[in-house]
Amino acid sequence: MSSTPHLRSLNINNINPHVKEAKYAVRGELAVRSEEYRAKLAKGNAGLPFEKIISANIGNPQQLDQKPITFFRQVLSLLEYPPLLEHEDVLLNQLGYKSDVLERARWLLKTVGSVGAYSASAGAVGIKDSVAKFIEERDGHPSDPKDIYLSAGASSGVNTLLHIICSSPNTGVLVPIPQYPLYTASLAVLEAKCVPYYLDESKGWGTDLEAIKTAYNKAVAEGTDVRAIVIINPGNPTGASLAEEDIKAVIDFAAQEKLVVLADEVYQTNVFIGKFHSFKGVLRNLQKEDPEKYKYVELASLHSVSKGMVGECGHRGGYFELVGFDPEVVEQIYKFVSISLCAPVIGQCLVELMVNPPKEGQPSYPLYKQEWDGIFSGLKKRATALYEAFQEMEGVECQVPQGSMYLFPTINLPAKAVEAAKKQGRSPDEFYCFRLLDATGVCVVPGAGFGQKENTLHFRTTFLAPGTEWVGRITKFHKEFMEEFR
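Procedures and definitions
Residues numbered from 1 in each chain as written. Predicted model: local features only at pLDDT ≥ 70, side-chain atom pairs only at ≥ 80, totals over all residues. Heavy atoms only, no water. 1 Å grid on protein atoms, 1.4 Å probe; cavity = no way out; pocket = protein on both sides within 12 Å on 5 of 7 lines; lining within 4 Å. Points joined across faces, edges and corners; volume = space filled by probe spheres on them. Nonpolar A, V, L, I, M, F, W, Y, C, P; charged D, E, K, R; others polar. Buried < 20%, exposed > 50% of the residue type's maximum accessible area, 1.4 Å probe, protein only. Helix = DSSP H or I, 4+ residues; strand = E, 2+ residues; numbered from the N terminus. Arc of directions from axis to C-beta. Contact = heavy atoms within 4.5 Å. Pairing = 2+ DSSP bridges.

A.B. asks: I keep staring at empty space enclosed by the protein and nothing clicks. Help me out?
C.D. replies: Using a probe with the size of a water molecule, rolled over the atoms, empty space left in the structure can be pinpointed. Under the defined criterion, the tally for this structure stands at two cavities of 30 Å³ or more. For the largest cavity, the calculated volume is near 100 Å³. Forming the walls of the largest cavity are 13 residues, and the residues nearest its centre are Pro 176, Leu 199, Ile 232, Gly 235 and Thr 238. Taken together, the residues of the lining of the largest cavity break down into nine nonpolar, four polar and no charged.

Now the structure itself:
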């Protein structure tokens, strides 16, 4: 109960109960404690057993020293302060800008007018043209700019789509478990139902169609109006990258049961094993093979500047593309995004740069290619180092890193550790993660925050932090933890 119920209009007992119900472990209690430690270290606190916080709890590349792509930031600097373009000689001969940087900045300024002004509700038309061209080149199928909505990161797009889909407390959405908690939290706020389906850890966290069918049939039998299915590809928190056959199976099921497919594809450039297959590309191929069967499949695909080698989380840029939606529903989606006026225009411009980067033969290409390849190889190297460390740790099992920015290892903890966790009122994986943070300064997220099968324990860690010294911290801690509770 609130201790001051009569002093203010709002108290914890009378605010929206669905907000209280929502959980978002990625920025939960562990993250708060890590920031408290960071503040102590900044003030010269010498009482902690570590000198630096490693925020491996969230996919925030530039917080963990991933450097911005030079071409992107140079263009953005000119968009933010266009008078710099009046000093072309200084830019080119003293500051290292290339001619294509200036050309792109002038084109974007012509397209948006000013990054300080609102754009059209669904985004600047010229930028949507660039996104459509990118999708066409990626998939080999046409894309219409009118079907593209620029958003404040992919999260904003998810929020829009779930608001449209979830019409009552009986609305259900199939969500992969483990999953990025944006989906369960958003459904809780909307008072809709999460219908969980479990990914198959034994098969590299692949999508199991039988698990999807079982979850769907159970929910329908209980009276839930299941409207949509969420797929995160490559996966978060698992890092799994779906094979084309798995995507076909999901689309086939969606066509059969008339489910909207929400394809979260923000990690599409983070693929270490195999090849990324977009849901849009696979759907269009299926529609060519059997036009009638797949004619009315509704697909919303999401992408973002926050992940991959771009890593510009703070600029809040993204988009979603609609395929197969009823025109009257599209009108309501447009109205909904209009309520928020528009996505940040500087973020929209960054989306344009992401989908239309320097091409071979252009002045900025050599540095762009060097930076892109360097970031990718660094991520892969650290993912491998972390995976190999987990392989050597007692009671830890981990799938080979396939993509995205995360590993999601299983941890098998001693009975005494489980009992100690119970005494603290915490789940065993949460207990382990707090002990890890307190001992090493490395912040990860317990598997309970993403969902996991009963009687299993996991944690999610990014592999974004530079170097491998922090991996050694985890290894040392784990050995001592297991000895303590043996």
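Continuing now.
A.B. asks: Which parts of the structure should I look at to understand helix α16 (residues 415–423)?
C.D. replies: Owing to its 3.6 residues per turn, the α-helix aligns residues three or four sequence positions apart on the same side. Among the residues making up α16, those that are buried are Ala 417, Ala 420 and Ala 421. Projected onto a plane normal to the axis of α16, the buried residues spread over an arc of 100° and lie on a single side. More than 90 degrees from the buried face of α16, the exposed residues found are Ala 415, Lys 416, Lys 422 and Lys 423. For α16, the elements touching its buried residues are α17 (428–440) and α18 (469–484).

A.B. asks: I would appreciate a short explanation of the pairing of strand β8 (residues 318–323) in the present structure.
C.D. replies: Across a regular strand the side chains alternate sides, sitting on one face of the sheet and then on the other. Of all six residues that make up β8, six are buried, and the element is covered over most of its length. The two faces of β8 match: Gly 318, Phe 320 and Leu 322 on one face and Tyr 319, Glu 321 and Val 323 on the other face are all buried. Bridge analysis of strand β2 (residues 148–151) against β8 gives four bridges, and the strand direction is antiparallel. Of the residues in β8, the one forming a bridge with Ile 148 is Glu 321. Examined bridge by bridge, strand β7 (residues 299–304) and β8 share six bridges and lie antiparallel to one another. When the sheet's bridge partners are listed, Leu 302 is paired in β8 with Phe 320.

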